[in-house]
Amino acid sequence: MTNDNLLPQMAEIWQQTLNWQPTVQQQEQFQRLYELILEGNLQLNLTRITDPLEFWEKHLWDSLRGITTQMQFIPSLQAGASVIDIGTGAGFPGIPVALAVPNCTVTLLDSTRKKITFLDKVLTELTLTNTKTLIGRAEEIGQQLQQRQTYDIALIRAVGTASVCAEYALPLLKQSGLAIIYRGNWTENETTALENAVNQLGGVIESIEAFTTPLSESIRHCLYLRKVAPTSASFPRTVGLPSQKPL
Ligand code: SAH
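Here the structure is a predicted model, which means the values were calculated and not measured.

Undergrad: If you had to explain the site of the ligand to someone new, which residues and values would you point to?
TA: Taken together, 16 residues are adjacent to the ligand, and Gly 87, Phe 92, Asp 110, Ala 138 and Arg 157 come closest. Between the ligand and Glu 139, the relevant distance is 2.9 Å, taken from a nitrogen atom to a side-chain nitrogen or oxygen of the residue. Contact between the ligand and Arg 157: an oxygen atom at 2.7 Å from a side-chain N or O atom of the residue. Coverage of the ligand by the protein amounts to 82% of the 570 Å² it exposes when considered alone. A majority-of-atoms criterion places the ligand in the largest pocket. Taken together, the residues of the shell around the ligand sort by class into five nonpolar, six polar and five charged.

Undergrad: Let's hear about the packing of helix α2 (residues 24-40) against helix α6 (residues 113-125): which residues, and what values?
TA: Close contact between α2 and α6 brings their axes to 10 Å; oriented N to C, the two are set at 150°. With respect to α6, the element α2 is oriented roughly antiparallel. Our pair here, α2 against α6, has a crossing hand that is right-handed. Contact residues: α2 offers Arg 32, Leu 33, Leu 36, Ile 37, Glu 39 and Gly 40, while α6 offers Phe 118, Lys 121, Val 122 and Glu 125. Here the contact of α2 with α6 is built from residues that sort into five nonpolar, one polar and four charged.

Undergrad: Pulling in residues and values, what's your account of the environment of Thr 187?
TA: Within the secondary structure, Thr 187 sits in the loop between β7 (173-183) and α9 (188-200). What makes Thr 187 partly exposed here is its relative accessible area of 41%. Spatially, the C-alpha atom of Thr 187 lies 9.8 Å from that of His 221, the residues being 34 residues apart in sequence.

Undergrad: Got a sec to walk through helix α3 (residues 52-65)? Specific residues and values, please.
TA: Over its 14 residues, α3 extends 18 Å from the first C-alpha to the last, a length consistent with the 20 Å expected when each residue adds 1.5 Å. Burial of α3 is extensive: 11 of the 14 residues sit out of reach of the surface. For α3, the complete set of buried residues consists of Pro 52, Phe 55, Trp 56, Glu 57, His 59, Leu 60, Trp 61, Asp 62, Ser 63, Leu 64 and Arg 65. One side-chain oxygen of the residue at the start of α3 lies 3.2 Å from the amide nitrogen of Leu 53, identifying that residue as Asp 51.

Undergrad: Explain α9 to me, using residue names and the numbers behind them.
TA: Helix length check: α9, at 13 residues, gives a terminal C-alpha distance of 19 Å against a target of 18 Å (1.5 Å per residue), a fit within 8%. What α9 keeps buried is the set Thr 191, Leu 194, Ala 197 and Val 198. Summarising the contacts, the buried residues of α9 are in contact with α8 (162-169), β8 (203-212) and β9 (219-227). Two residues or fewer after α9 comes Gly 202, characterised by a positive phi angle close to 85°.

Undergrad: Lay out the nonpolar core in plain terms, naming residues and giving numbers.
TA: Of all hydrophobic cores here, the largest spans 51 residues; its most connected members are Trp 14, Leu 64, Ile 67, Leu 77, Ile 95 and Ile 180. The leading source of residues in this core is α2, at six residues. In contact with Leu 64, other than residues within four places in its own chain, are Trp 14, Leu 18, Trp 20, Phe 30, Phe 73, Pro 96, Val 97 and Ala 100. Ranked by size, the runner-up nonpolar core spans 28 residues in total, among them Leu 134, Tyr 168, Ile 181 and Leu 225.

Undergrad: Now, about the state of the cysteines: what can you tell me, with residues and values included?
TA: Taken as a whole and assessed by the stated rule, the structure comprises zero disulfides. For Cys 165, which is in no disulfide, the shortest distance to another cysteine sulfur is to Cys 222 and amounts to 11 Å. The class for Cys 222 is buried, based on a relative accessible area of 1%.

Undergrad: Can you explain the sheet that holds β9? Please cite residues and give values.
TA: Strands sit in the order β5-β4-β3-β6-β7-β9-β8 across an open sheet of seven strands; the sheet is mixed. This sheet does not close on itself; its edge strands, each paired only once, are β5 (131-135) and β8. Strand-to-strand twist across the sheet, computed as the mean angle between neighbouring axes with direction ignored, equals 20°. By the bridge criterion, four bridges tie strand β3 (residues 82-86) to strand β6 (residues 151-157) in an arrangement that is parallel. Pairing of Ile 84 across the sheet is with Ala 154, part of β6. Sheet contacts for α6: β4 (105-110) and β5; angle to β5, the most-contacted strand, approximately 165°. Of the strands in this sheet, β8 and β9 touch α9, which is tilted by about 145° from β8.

Undergrad: Got a sec to walk through the pairing of β6? Specific residues and values, please.
TA: Within β6, six of the seven residues are buried, leaving the element largely enclosed by the surrounding structure. Pairing geometry for β6 and β7, over six bridges, is parallel. The residue bridging Ala 154 from the neighbouring strand is Ala 179, located in β7. Between the parallel elements β6 and β7, the chain passes through α8 in a crossover that is right-handed.

Calculation rules
Residues numbered from 1 in each chain as written. Predicted model: local features only at pLDDT ≥ 70, side-chain atom pairs only at ≥ 80, totals over all residues. Heavy atoms only, no water. Near = heavy atom within 4 Å. Polar contact = N/O pair within 3.5 Å; in protein donor to acceptor, adjacent residues only side chain to side chain. Areas by Shrake-Rupley, 256 points an atom, 1.4 Å probe, with all protein chains shown as cover. 1 Å grid on protein atoms, 1.4 Å probe; cavity = no way out; pocket = protein on both sides within 12 Å on 5 of 7 lines; lining within 4 Å. Sits in = over half its atoms within 2 Å of the grid points. Nonpolar A, V, L, I, M, F, W, Y, C, P; charged D, E, K, R; others polar. Axes fitted to C-alpha atoms, helices over the stretch in contact; angles between N-to-C directions. Helix = DSSP H or I, 4+ residues; strand = E, 2+ residues; numbered from the N terminus. Parallel < 35°, antiparallel > 145°, perpendicular 65-115°, else oblique. Left-handed = near helix turned anticlockwise from the far one by under 90°. Contact = heavy atoms within 4.5 Å. Buried < 20%, exposed > 50% of the residue type's maximum accessible area, 1.4 Å probe, protein only. Expected span 1.5 Å × (residues − 1). Core = buried A, V, L, I, M, F, W, Y, C linked by side-chain atoms within 4.5 Å. Disulfide = S-S within 2.5 Å. Pairing = 2+ DSSP bridges. Right-handed = clockwise from strand over helix to strand, strands pointing away.

As structure tokens, this is what we get:
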């Protein structure tokens, strides 16, 4: 390994922004994850973000910022929540969440077999025993009895528009479960449109958090949707429809 591929520690920034710091072991796991992704990138199109500082901010920090409210990781996560990361790609935000909160169990879902094969190797190398992978389309997984309504928390980042993300996530949640949609920009107008979609899915928009990333000072948002009623069996609609005809 060359020095160029060494992740920064950032203990103080972790502490100040999330009131948390990785242990020595977690820091080693972050480092190993970074190396595996750089290696995997030679074969697969995993991520454009390969600079160590950018990787730290956009993949590690951003993943954990989404599960932080009031300067702590969401309490149900720490109490052992079951989590699904929908369209996880190279494992974000699911892998950093599984690493940082060992009590929760995380399912990494992606429709691309090659990515899942890569992630299986990563999980073995990181000895992440609270994490498993699942291949499939969110539209199909959300209709499977053994998956539907079984998760406490659904994470979803960079998979589609917010209403598409809501249609993928809400059917998978148990009653009173939480969907966390990671976004870049967000406007008030979008909230109104999303409200309509979320209502049809048995959810409410519980909160929207805006924040600034600690290194590049980019604006990010997380949308927190609460499932308050069962989702109609007609959702998620068949493969492709949620994005072609958004709610
Ligand atoms: N969440 C990751 C990856 C985003 S790229 C990150 O933020 O870095 C989007 C990923 O979602 C891709 O890996 C793609 O294969 C997957 N994906 C897109 N549509 C999907 C669907 N309907 N069901 C499951 N996975 C999907």
